[in-house]
Amino acid sequence: MASPPQATVENPRVLPPNHTHTTFAQFIQRAASVCSPDNVTPTICTPCTTRGSSSPRQSYVCPRDVGEVQSILRLCNELTMPIWPYSAGRNTGYGGTAPRVPGSVALDIGKHMNKILEVDVEGAYALVEPGVTYMDMHKHLEETGLLKELWLDVPDLGGGSMIGNAVERGVGYTPYGDHFMMHCGMEVILPTGELVRTGMGALPDPTASSRSDLRPDQQAGNKCWQLFNYGFGPYNDGIFSQSSLGIVTKMGFWMMPNPGGYQAYMITFPRDEDLGAIVDIIRPLRLTDPLSESEQDEIAKKLKLGRWIFYGAVYGPEPVRNVLLDAIKGAFLSIPGSKFYLPEDRDEPHSVLRTRAKTLQGIPTLDELRWVDWLPNGAHMFFSPIAKISGKDASMQYEVTKKRVREAGLDFIGTFTIGMREMLFNRQDEEQKLKARWPIRQLIQDCADRGWGEYRTHLALMDQIANTYNFNDNAQMKLNEKIKNALDPNGILAPGKNGIWPRGYDRNTWAI
Ligand code: ADP
């Protein structure tokens, strides 16, 4: 049974569980013979102050193609080496590239596998490799003139990988904002190295069989792979999201056909207590809440903003947009004091409306990174609970969250996107870190007590959150463990991810 690594004072190094410097060196040597020494960085990570927080130095292996991913996974099985895959490795707010088990080898899938394999205008889809970022796709659409035909949906920060974001079930803001819902077809390498194509990809393209010289991953996919999600039989894709059951090497995405026009807007509401009414009028909304109540009112007044700000966009040709905007104004402006703005009505150079106006039409930006400048050396950790969309629940969630953050003596930035929260803390200050961790731990329980659960989380909180999804004596976790042990018998792929511990790990010892 794997036991947590012990760091000695003289030699503060973390090796993977059950490894010695000799067996680790053996792995590195063999990985280098698979991927070439240039693609292996054999650092043993310095112990993190908290297990699960970002490792300052990690060993990296950067496979050059799918065949090398398969060989590395087989090697990991042979030597029982835990491995942590990622695509672009941003994972901002959720742990970056840090593995859950210290000492795990990082598998940088996107460094070399970063091609846009296909953009099909007629079918309005793209097929990409893991290293393709939203920025890359946007640039490609711009350079090829395809932006006129197809729009991308981007998350808050556009530097991440399309596959990395979608497999973690990340979201954006256009009608195509649920990135996992909008994917179609995957190519996945299982922990033991087998290659699978899901959905229609399981039915070979008739032209592929005449090319026996090509590996399966090099063969053309079925023509409907990116058009119809389900194929035949059980739908497998879900088990490869937020998962430690496979490494995704290709993924299809539906894109929004140019809707024929676009208009971003913003509505401000003067009073904190307006929240319930706003949510009852329409679901998505965003909020900001710094400092004391009166200071917040003062700032809102000075910036000509409300205590609550709702951003949105309407899509379609102008007559359609006008009808939609009239309906939206009619609903929201019933709240006394609310004001409606278009981007040209606001002259601040960095207004959130300007950033949102880009995001809402699929243009990637990094503007939100500036939010962390609120404090010197600012950093952040996302807390993202899901609740029913009703005025009552939104107001309750706001109260519960605000109370805990205030108790910790922190300022709070919250945005509701059908229930998301983000908090700021100073990353160089241990006391601040503890302060930030405390309300989140409390909030996970506060939320679970009200039936709200998180949709995604930071590494350090995965066990606690997994434990809240405990219906019927943890039946879902038991199912997840059965699948994990069947597909990954040696427990090498991302052990501990999302609270799922493979057979060789004692969850009671490892959980944090
Ligand atoms: P982004 O750069 O878009 O923020 P990352 O590449 O950091 O995303 O990936 C986020 C997380 O998603 C990783 O920590 C990993 O758990 C999972 N992940 C990313 N890419 C893959 C992949 N190709 N196959 C399986 N899991 C992946």
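The paragraphs below set out a description of the structure included in this document. No experiment lies behind these values; they were computed from the predicted model shown.

Turning next to the side chain of His179. As for its placement among the helices and strands, His179 is situated in the loop between helix H4 (162-167) and strand S8 (183-189). Within the structure, His179 has its side chain in polar contact with the side chain of Asp153 (distance 2.6 Å). If we skip the residues at most four places from it in the chain, His179 touches Tyr134, Asp153, Val154, Pro155, Asn165, Ala166, Gly170, Val171, Gly172 and Phe253.

Time to look at unusual backbone geometry. If you check the backbone angles, Arg169 has positive phi at about 65° while not being a glycine. Checked against the element boundaries, Arg169 lands in the loop between H4 and S8. When its relative accessible area of 32% is taken as the criterion, Arg169 is described as partly exposed. If you check the backbone angles, Asn472 has positive phi at about 50° while not being a glycine.

Each pair of packed helices can be described by the angle between their axes along with the distance between the axes. Relative orientation of the contacting elements helix H1 (residues 21-35) and helix H2 (residues 66-79) amounts to 160°, with a least axis distance of 10 Å. By the angle between their directions, the pair H1 and H2 is classed as roughly antiparallel. Of the two possible hands of crossing, H1 and H2 adopt the one that is right-handed. Between H1, through Gln26, Phe27, Arg30, Ala31, Val34 and Cys35, and H2, the contact on the second element is made entirely by Glu68, Ser71, Ile72, Leu75, Cys76, Glu78 and Leu79. For the contact of H1 with H2, the residue count by class is eight nonpolar, two polar and three charged.

Around the ligand sit 19 residues, and of these Ser87, Ala88, Arg90, Asn91 and Ser161 come closest. In this structure, a nitrogen atom belonging to the ligand sits 2.6 Å away from a side-chain N or O atom of Ser87. For the ligand, whose free accessible area comes to 550 Å², the fraction covered by protein is 96%. Sorting the residues of the shell around the ligand by element identifies strand S3 (83-86), H4 and strand S10 (247-254) as the ones contributing at least two each.

The next point concerns H1. A rise of 1.5 Å per residue sets the reference length of H1, with its 15 residues, at 21 Å; its end C-alpha atoms lie 21 Å apart and thus fit the reference within 8%. When H1 is considered as a whole, its buried residues turn out to be Phe24, Phe27, Ile28, Ala31, Ala32 and Cys35. The buried residues of H1 occupy an angular sector of 135° when projected down its axis, which confines them to one face. Facing away from the buried side of H1 by more than 90 degrees, the exposed set consists of Thr22, Gln29 and Ser33. Immediately beyond the C-terminal end of H1, within one or two residues, lies Ser36, with a positive phi of roughly 80°.

On to the sheet that holds S10, then. Strand order in the open sheet made by the five strands is S5-S6-S10-S8-S9, with antiparallel pairing throughout. Each edge of the open sheet carries a strand with a single partner, namely strand S5 (116-120) and strand S9 (195-197). On average, each strand axis in the sheet is tilted by 10° relative to the strand beside it, whichever way the strands run. Alignment of strand S6 (residues 125-128) against S10, held across four bridges, turns out to be antiparallel. Across the sheet, residue Ala126 finds its bridge partner in S10, namely Phe253. Here helix H3 (residues 134-143) sits on the sheet and contacts S5 and S6; the angle it forms with S5, its principal contact strand, is near 50°.

We now examine the packing of aromatic side chains. Aromatic ring pairs are described here by two measures, namely the spacing of the ring centres and the angle between the planes. Evaluation of the coordinates by the stated rule reveals 13 aromatic pairs. Here the aromatic rings of Phe228 and Tyr230 are separated by 5.7 Å at their centres, their planes lie at 90°, and the arrangement is edge-to-face. Judged by its relative accessible area of 40%, Phe228 is partly exposed. For Tyr230, a relative accessible area of 48% corresponds to the partly exposed category.

Our next topic: the sheet that holds strand S2 (residues 60-61). By way of backbone hydrogen bonds, the strands of a sheet pair with one another, either parallel or antiparallel. Taken together, the four strands give an open sheet; going across it, the order is S1-S2-S4-S3, and neighbouring strands pair in mixed fashion. Pairing within the sheet leaves two strands with one partner each, and these edge strands are strand S1 (40-41) and S3. As judged from the four bridges shared by S3 and strand S4 (residues 105-108), these two strands associate in the parallel manner. The partner of Pro85 across the bridge, within S4, is Leu107.

Moving on to the pattern of salt bridges. Enumeration over the complete set of coordinates arrives at 19 salt bridges. Put simply, Lys139 and Glu143 hold a salt bridge, and the shortest N to O gap is 3.7 Å. Of this pair, Lys139 and Glu143 both sit in helix H3, four residues apart, roughly one helical turn. Looking at Glu143, the relative accessible area reads 59%, which means it is exposed. The partner of Arg271 in a salt bridge is Asp274, and the shortest N-O contact between them spans 3.3 Å. Among the residues examined, Arg271 registers a relative accessible area of 32% and is labelled partly exposed. Bridged by salt links that share partners, the residues Lys403, Arg404, Glu407 and Asp446 form one connected network.

Analysis parameters
- Residues numbered from 1 in each chain as written.
- Predicted model: local features only at pLDDT ≥ 70, side-chain atom pairs only at ≥ 80, totals over all residues.
- Heavy atoms only, no water.
- Helix = DSSP H or I, 4+ residues; strand = E, 2+ residues; numbered from the N terminus.
- Polar contact = N/O pair within 3.5 Å; in protein donor to acceptor, adjacent residues only side chain to side chain.
- Contact = heavy atoms within 4.5 Å.
- Buried < 20%, exposed > 50% of the residue type's maximum accessible area, 1.4 Å probe, protein only.
- Axes fitted to C-alpha atoms, helices over the stretch in contact; angles between N-to-C directions.
- Parallel < 35°, antiparallel > 145°, perpendicular 65-115°, else oblique.
- Left-handed = near helix turned anticlockwise from the far one by under 90°.
- Nonpolar A, V, L, I, M, F, W, Y, C, P; charged D, E, K, R; others polar.
- Near = heavy atom within 4 Å.
- Areas by Shrake-Rupley, 256 points an atom, 1.4 Å probe, with all protein chains shown as cover.
- Expected span 1.5 Å × (residues − 1).
- Arc of directions from axis to C-beta.
- Pairing = 2+ DSSP bridges.
- Phe/Tyr/Trp six-rings, centres within 6.5 Å; stacked < 30°, edge-to-face > 60°.
- Salt bridge = Lys/Arg side-chain N within 4 Å of Asp/Glu carboxyl O.

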